[in-house]
Amino acid sequence: MTQPASEAPQAPPPPAATPPAAKAAKAAKAAKAARPALGLRADVRNLSLLGVLAVLVAVGGITSPDTFLDTSNLQLVLTQASVIGVVTVGMTFVITSGGIDLSVGAIVALASVWATTLATQEYGFAGILFTAVVVGVGCGLVNGLLIAYGGMVPFIATLAMLASARGLALQITDGKTQIVTVQSVLDLGVPDSYLLGIPPLVLVFAAVTVLGWLLLNRTTFGRRTVAVGGNAEAARLAGIDVRRQRLYLYLLSGLCCGIAAFLLIVLSGSGQNTNGNLYELDAIAAAIIGGTLLSGGRGTIVGSVLGVLVFTTITNIFALNNLESAVQQIAKGAIIVAAVLVQRSTLRNGET
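Each chain has its residues counted from 1, following the order in which its sequence is written. For this predicted model, a pLDDT threshold of at least 70 governs which residues receive local features, and a threshold of 80 or more governs which side-chain atom pairs are given and counted, while totals over whole chains, interfaces and linings are taken from all residues. Side-chain metrics rest on all non-hydrogen atoms present in the structure, leaving aside hydrogens and water.

**Q** Just checking my understanding: could you explain the overall build of the protein chain for this structure?
**A** Looking only at helices and strands, one finds 14 helices and two strands in the protein chain. Buried residues are those whose accessible area, probed at 1.4 Å on protein chains only, stays under 20% of the maximum for their type, while exposed residues exceed 50% and partly exposed ones sit between those limits. When the 352 residues of the protein chain are sorted by exposure, 44% land in the buried category. Partitioning the contacts of the protein chain with sequence separation of at least 6, the portion at a separation of at least 24 is 79%. Surface accessibility of the protein chain: about 18000 Å² in total, with carbon and sulfur atoms responsible for 66%. Secondary structure elements follow DSSP: runs of H or I no shorter than four residues count as helices, runs of E no shorter than two count as strands, and numbering proceeds from the N terminus. Contact between two residues is taken to exist if any of their heavy atoms lie within 4.5 Å; hydrogens are not considered. Accessible surface area values rest on a Shrake-Rupley calculation with a 1.4 Å probe, where residue burial reflects the displayed protein chains alone.

Here it is in structure tokens:
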């Protein structure tokens, strides 16, 4: 009797494809597990920046003992840091999301000159503040719409805004300085308005910093920002409206620029089309050396503020010692390169 042929061995079934939602959940779980290590590195980085700041203070005290540690000079350093610091808070959110904003300096200039025209100053303190904020938010809205819904690359869209805002600021002023005549605005910059020795501009900067920290670290908005910067596709699959989130982020950056423009008006008592020159580079540099990842997915408000203080202190030391601005720019460039190298080394160690 013929024996039945043995059945051919069956190939194992192919592994089931992981559904997109499961991939997103897995990525979120991995990111959550990595938070303690990232938090430890952030603490070390912030302590390092505090150490650098302490060294700079010591250098300033040694090189200019009669001037640098004077109360009025320290107040000046903090006041100057306040303007670029507010811009840097907004820039930190944008970079954390994987974007970039090259137009912040030009938006500050446009907001400052629009808020100091004769027609605007007729409405007093409220008119100047309102105009500065609205212009900043309006420019941020244009950037956000072009990037989020127009599909433009952030670099190109914000570069176009930089050129347009600078040109419009020059058109409004005709190349002239617009002097502020509203006394209530000017009074914010005089020592009589200081609260316990702290200038009002510094208090505004502190408030923006605290609100920015809470928004990034304690709200759903902050978690969505980090998620979009870490992996936009995974964030979309997890249910985040990536385009709307990006729009909100550029609106936030524009809002910070409007606030900074008002602070600059108080500080200088005028509006000029050259205001905010190179603010975009200073804000990006401060965020990077503070620990915000240029490719997105990680940001720190505390580190960005420390970065602003480091750069502002360097500028003050160079000015007190009558050193050329070229040397100052070289020093800033060296610090930026060192910070990026440290970031790459940290990421490489984290991957291995």
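That covers the picture; the talk isn't over yet.
**Q** It is not clear to me how the packing of aromatic side chains should be interpreted in this structure. Could you clarify?
**A** Describing an aromatic ring pair means giving the distance of the ring centres and the angle of the ring planes. Side-chain rings of Phe, Tyr and Trp, where Trp is taken by its six-membered ring, are said to pair if the distance between their centres is within 6.5 Å; with planes under 30 degrees apart they count as stacked, over 60 as edge-to-face, and otherwise as tilted. Following the criterion strictly, the structure yields two aromatic pairs and no others. Taking 6.3 Å as the distance between ring centres and 45° as the angle between the ring planes, the aromatic pair formed by phenylalanine 93 and phenylalanine 221 counts as tilted. Of this pair, phenylalanine 93 sits in helix α2 (residues 71-96) while phenylalanine 221 is found in helix α9 (residues 220-230), placing the two residues 128 residues apart along the sequence. Phenylalanine 221 sits in the buried class, given a relative accessible area of 18%. When the ring of phenylalanine 125 is compared with that of phenylalanine 262, the centres are 5.4 Å apart and the planes differ by 75°; the resulting orientation is edge-to-face. Taken together, the positions of phenylalanine 125 in helix α5 (residues 124-149) and phenylalanine 262 in helix α11 (residues 242-268) put the pair 137 residues apart, joining distant regions of the chain. The partly exposed category is assigned to phenylalanine 125, whose relative accessible area is 29%. Given a relative accessible area of 7%, phenylalanine 262 falls into the buried group.

**Q** I'm lost on the layout of surface pockets in this one. Help?
**A** Remark: the empty space left among the atoms is shown by a probe the size of a water molecule rolled over them. Note on definitions: the grid is 1 Å and covers protein atoms alone; a cavity is a set of points where a 1.4 Å probe fits but cannot get out; a pocket is an open set with protein on both sides within 12 Å along at least five of seven lines; lining residues have an atom within 4 Å of a point. Grid points are joined across faces, edges and corners, and a volume is the space filled by probe spheres set on the points. In this structure, the second largest pocket occupies an estimated 600 Å³ of space. What lines the second largest pocket is a set of 25 residues, among which Tyr279, Asp282, Thr315, Gln328 and Lys332 lie closest to the centre. Per-element tally for the lining of the second largest pocket: the top contributor is helix α12 (residues 279-290), with seven residues. Think of it as three bins: nonpolar holds Ala, Val, Leu, Ile, Met, Phe, Trp, Tyr, Cys and Pro, charged holds Asp, Glu, Lys and Arg, and polar takes everything else, Gly as well. Classifying every residue of the lining of the second largest pocket gives 14 nonpolar, eight polar and three charged.

**Q** Is there a simple way to explain the pattern of salt bridges in this structure?
**A** Where charged atoms from two side chains of opposite charge approach closely, those side chains can pair. A pairing counts as a salt bridge when a side-chain nitrogen of Lys or Arg comes within 4 Å of a carboxyl oxygen of Asp or Glu. Under the defined criterion, the tally for this structure stands at one salt bridge. When the shortest N-O distance is used, the salt bridge between arginine 236 and glutamate 233 registers 2.5 Å. With arginine 236 and glutamate 233 both in helix α10 (residues 232-237) and three residues apart, the pair spans about one turn of that helix. What makes arginine 236 partly exposed here is its relative accessible area of 45%.

**Q** Hey, could you run me through the environment of asparagine 273 in this one?
**A** As for its placement among the helices and strands, asparagine 273 is situated in the loop between β2 (270-271) and α12. Look at asparagine 273 and you get buried, because its relative accessible area is 15%. Separated by 161 residues in the primary sequence, asparagine 273 and serine 112 have C-alpha atoms spaced 8.1 Å apart.

Remember that the coordinates give geometry; whether it matters functionally is a separate question.
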